[in-house]
Amino acid sequence: MSSIQAVIGKLEQWAPPRWQEGYDNSGWVCGDPSAECTGVLTALDLTGTVLQEAIDKQINLIVVHHPPLFKPLKRLIEADPITQLLLKAIRSHISIYAIHTNLDNVIWGVNGEIAKRIGLLNVKVLSPLNHTHRKLVTFVPQEHATRLKEALFAAGAGTIGNYSECSFSSTGTGTFKALEGANPYVGQKDKQHQEREEKIELIFPITVQSELVHALHAAHPYETVAYDLLPLENQFSEIGAGAVGDLPSPMPAQDFLLQIKKVFGSTCIRHSHLTPNPIQRVALCGGSGKSLIDNALSNKADAYFTADLGYHDFFKPDGRLLLADIGHYESEQFTSDLLQSFIQQNFPNFAVLKTGANTNPVHYFF
Ligand SMILES: [Zn+2]
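Residues numbered from 1 in each chain as written. Predicted model: local features only at pLDDT ≥ 70, side-chain atom pairs only at ≥ 80, totals over all residues.

Asks: Got a minute to help me understand the sheet that holds strand β12 (residues 279-288) in this structure?
Replies: The strands that make up a sheet are held in pairs by hydrogen bonds between backbone atoms, and each pair lies either parallel or antiparallel. Taken together, six strands build an open sheet; the order of strands is β5-β10-β12-β13-β14-β11 and the sheet is mixed. On the outer flanks of this sheet lie β5 (121-128) and β11 (270-271), each paired with one strand and no other. Two strands pair when backbone bridges link them, and β12 and strand β13 (residues 303-307) are joined in this way by four bridges, in the parallel orientation. Paired with Val282 across the two strands is Ala303, which belongs to β13. Those strands touched by helix α5 (residues 110-117) are β5, β10 (240-251) and β12, and its axis lies near 140 degrees from that of β12. (Pairing = 2+ DSSP bridges. Helix = DSSP H or I, 4+ residues; strand = E, 2+ residues; numbered from the N terminus. Contact = placed C-beta atoms within 7 Å. Axes fitted to C-alpha atoms, helices over the stretch in contact; angles between N-to-C directions.)

Here it is as structure tokens:
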């Protein structure tokens, strides 16, 4: 048996709410974290059909990508369609949780899934976020260094790209004098003590800082632990918006459009002038990604596809890349599958379903 909070906790480790954009409202929408989870329904959007599906299947948690609440509400009245939906969810004891731009901003999230669907290789974030990591520097008696490093790795430090357990150690001499009231691990009071120590340096995402500092104190033998937490200017290729990667082999622009039309089931694709060069390096962003056209250009992408582009956006590439709008729902549709498989892998004890409803509000007449 698992509580709804256990499911949400796992999702928040995977796509920390801290990585959401400033304008966003990812996270809890309504519900009871302490309730036992009877099942999960995943969807891109909360609609009446999605909610009814959860009620009919006796599922009490809906995880959506798009937050149904964006602006603060001042009143709860049935006349407003969103409020109506939320009141119905509350009356039916259904919890709702939104995992939006924080899932856009991790490479294993929305955009990594899109890249996988079209078979991109060497995938990294198109526009890395700043200040996502810090460095921990600490000093420990040499005989405790291995055990301490293991504890820090287990708390989430030392992972860079496809490498884990990354650290640097150097040795030197630490000094200290224990004063009245101290209970030193080694040495005598009121006398300077010298100890051969290992200096350990490792980086960590800021989302795990409190767990890491806790693990440091728990695994370190000293009563008072010396450590530094340092800001870093480095950017990391896993945290940020969009994605860029390479097709296994180049293909003509027209063939590329045909392929993405097929993969995403787009009724029509709006695109800039077809470029004469073959397409191999591809940038992408699920949902509204007009703000990343410059990133696609500076990453030397041959094509950039996203959604919600305006008329003037199509002038911007000026023949330097193929720009395509494949539709918002179409670009992000696999997010429901991604959420379903992540939750099901971690919680095999209840049903995790993807909604059977197509929630795309846009229709095409042609
Ligand atoms: Zn979206």
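Moving on, there is more to tell.
Asks: Even after reading the chapter, I still don't get the nonpolar core, so can you show me in this structure?
Replies: Side chains that are nonpolar tend, in soluble globular proteins, to be buried together. Counting 70 residues, the largest nonpolar core has Ile62, Leu126, Ala243, Leu284, Ala303 and Tyr304 as its most contacted members. Two domains each put at least three residues into this core: domain 1 (4-102 + 334-354) and domain 2 (110-128 + 238-326). Beyond its immediate stretch of four places on either side in the chain, Tyr304 contacts Ala283, Leu284, Ile293, Ala296, Leu321 and Leu323. (Core = buried A, V, L, I, M, F, W, Y, C linked by C-beta atoms within 7 Å. Buried ≥ 20, exposed ≤ 12 C-beta atoms within 10 Å, placed from the backbone. Domains from an automatic or database assignment.)

Asks: Please explain the packing of helix α6 (residues 145-154) against helix α7 (residues 209-219) as it appears in this structure.
Replies: A pair of packed helices can be characterised by two numbers: the angle between their axes and the separation between those axes. At their nearest, the axes of α6 and α7 sit 9 Å apart, and the two run at 160 degrees to each other. The orientation of α6 with respect to α7, classified from their angle, is roughly antiparallel. Relative to α7, the crossing made by α6 is right-handed. Along its contact with α6, which presents Arg147, Leu148, Ala151, Leu152 and Ala154, the element α7 presents Leu212, Ala215, Leu216, Ala218 and Ala219. Each residue belonging to the contact of α6 with α7 can be placed in one class, and the counts come to nine nonpolar, no polar and one charged. (Parallel < 35°, antiparallel > 145°, perpendicular 65-115°, else oblique. Left-handed = near helix turned anticlockwise from the far one by under 90°. Nonpolar A, V, L, I, M, F, W, Y, C, P; charged D, E, K, R; others polar.)

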